[in-house]
Amino acid sequence: MLVAGLGVLLTPGRAHAAEPHTGIHVRDGRLVEANGSDLVLRGVNHDFMWYPDQNGSFAAIKAAGANAVRVTLGIGHQWRRAPAKEVATVVDLCQQNRLVCIFDAHDTAGFGQDKKAAPMSEAVQFWLSLRDTMVGHEDNVLVNIADEPFANGTNWPWVQQTSDAIRQLRAAGFRNTLLVDGPGWGQDESFVMRDNAEKVVAADPTGNTAFDIHMYGMFNTAAKVNSYLTSFTKRHLPILIGEFSSQHQWGKPDEDAIMAYAQEQHLGYLGWSWSGNDKQFSYLDLVNNFDGNSRTAWGRRFIDGPNGLDTDTREATVFRNSTAAVVDPKSRAPQRLTVTDVTSSSVRLAWQGRRDPIGGTTYQVMAVNGAAETRVATTNRPDVILKGLKGSTEYTYAVYAQNLLGKRSPRSAMVAAVTPPQR
């Protein structure tokens, strides 16, 4: 079984598309939703390619605090080809469990060294066959074109083939954000992706291509992690850590630095992997035997440790106003937020209170402006009156719940209030 992986997302600040965005897209070096809300993807890799029947994993991954899942798909070259009906089922499972879904074509890993690996062109044909499954899900599905598409070295046609793949998918009508992996088994060991990222972005007429770096043995120091990520962020290029772990057969990654710098720079990360790695690689499993209640040492570090999955992972706003079932009531966002008693200088917000088994729930009321949040009140009641507002002004609010241990829930749905003119 392959043990390499994923990356971190950001977005380039280039005005490529004149048409309005219908879903997740890149804006000024960040990944954002259609409504402009910042989207930091935090989650895990799920080995769906090898375990297509472990569909209970989606609910368990959500319950662990994830807002996204990277799903490996076989394209029929090295691994069983995932049929369109099966992929559509996964899309539904992601929606039901309020997860952004990242699909990756996995057969391409290590092309040029692994004789079983598929060329990127086959991955493109695979995606083209799934066009009708992807269209209409731009707000909750990203397409990771080819997993770790080349082996180590500098002589691979990564720039040309990646650019061609992007053009083909856009010409076929794909509007989903595209995610591209670096060569060097995903670790970009010769910095081919880093040094040619602008060329790849230029190939996308929509500008909605983001980069995925996999951080294993090559990223064994904080300096290396920071240098690589900063090389993208300072250029306003989108980067995401799609795969990483705490151990690896080809060197020990610095998982503490990876998670710390991702948190500091507000970048996405996805750990490898939920469960099911071969016995000799079982140290990569986050949980034992797909049991979300039986976390491994790596799972405890990744989910509960410093800068871990439950630190500040926020659910995509596209799900906050949906009627999808809430998977984990213990971490549920405040519900039924309403605005009443609006005057030119005040509004009253109310919501459904929630109980926490630890007790001592408090609520943080936030004013929301695009991707920015400002706390305007803290209360232990399920309502608050906000004063000192300006007349003839639109305000947007949301609420978090927090328990005595400081663990914060996902954010509630947002509500808008428009104050009348002052008399």
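These notes cover the structure that comes with them. (Residues numbered from 1 in each chain as written. Predicted model: local features only at pLDDT ≥ 70, side-chain atom pairs only at ≥ 80, totals over all residues. Heavy atoms only, no water.)

1. Regarding the sheet that holds strand β17 (residues 394–402)
1) Next: Strand order in the open sheet formed by 4 strands is β15-β14-β17-β18, and the pairing between neighbours is antiparallel. The open sheet is flanked by β15 (372–379) and β18 (415–418), the only strands paired with a single partner. Across the sheet, the mean angle from the axis of one strand to that of its neighbour is 35°, orientation sign disregarded.
2) Next: Across 6 bridges, strand β14 (residues 362–369) lies against β17 in antiparallel orientation. Each residue of the ladder has a partner; that of Thr362, found in β17, is Gln402. (Pairing = 2+ DSSP bridges. Helix = DSSP H or I, 4+ residues; strand = E, 2+ residues; numbered from the N terminus. Axes fitted to C-alpha atoms, helices over the stretch in contact; angles between N-to-C directions.)

2. Observations concerning the pairing of strand β7 (residues 141–144)
1) Next: Burial of β7 is two-sided: the residues Val141 and Val143 facing one way and the residues Leu142 and Asn144 facing the other way are all buried.
2) Next: Across 4 bridges, strand β6 (residues 100–105) lies against β7 in parallel orientation. Residue Ile102 lies in a different strand from β7, and its bridge partner there is Leu142.
3) Next: Pairing of β7 with strand β8 (residues 178–181), which is carried by 2 bridges, proceeds in the parallel orientation. Within β8, the position partnered with Asn144 by the bridge is Leu179.
4) Next: With respect to chirality, the unit in which β7 leads through helix α5 (residues 158–171) into the neighbouring parallel β8 is right-handed. (Buried < 20%, exposed > 50% of the residue type's maximum accessible area, 1.4 Å probe, protein only. Right-handed = clockwise from strand over helix to strand, strands pointing away.)

3. A look at α5
1) Next: For α5, spanning 14 residues, the distance from its first C-alpha to its last is 20 Å, which sits close to the expected 20 Å at 1.5 Å a residue.
2) Next: Looking at α5, one finds that the buried residues are Trp158, Thr162, Ser163, Ala165, Ile166, Leu169 and Arg170. One side of α5 holds all its buried residues, which, seen down the axis, span an arc of 160°.
3) Next: Those residues of α5 that are buried lie in contact with α3 (120–129), β8, α6 (192–202) and β9 (209–215). (Expected span 1.5 Å × (residues − 1). Arc of directions from axis to C-beta. Contact = heavy atoms within 4.5 Å.)

4. Some thoughts on unusual backbone geometry
1) Next: Look at the link from Trp272 to Ser273: it is a cis peptide, with omega at -20°.
2) Next: With respect to the secondary-structure elements, Ser273 resides in the loop between β11 (269–271) and α9 (297–304).
3) Next: Unusually for a residue other than glycine, Phe191 sits at a positive phi of about 60°.
4) Next: By the element assignment, Phe191 lies in the loop between β8 and α6.
5) Next: Phi at Asp341 is positive, roughly 50°, even though this residue is not glycine.
6) Next: On the basis of relative accessibility, which here comes to 54%, the residue Asp341 falls in the exposed class.

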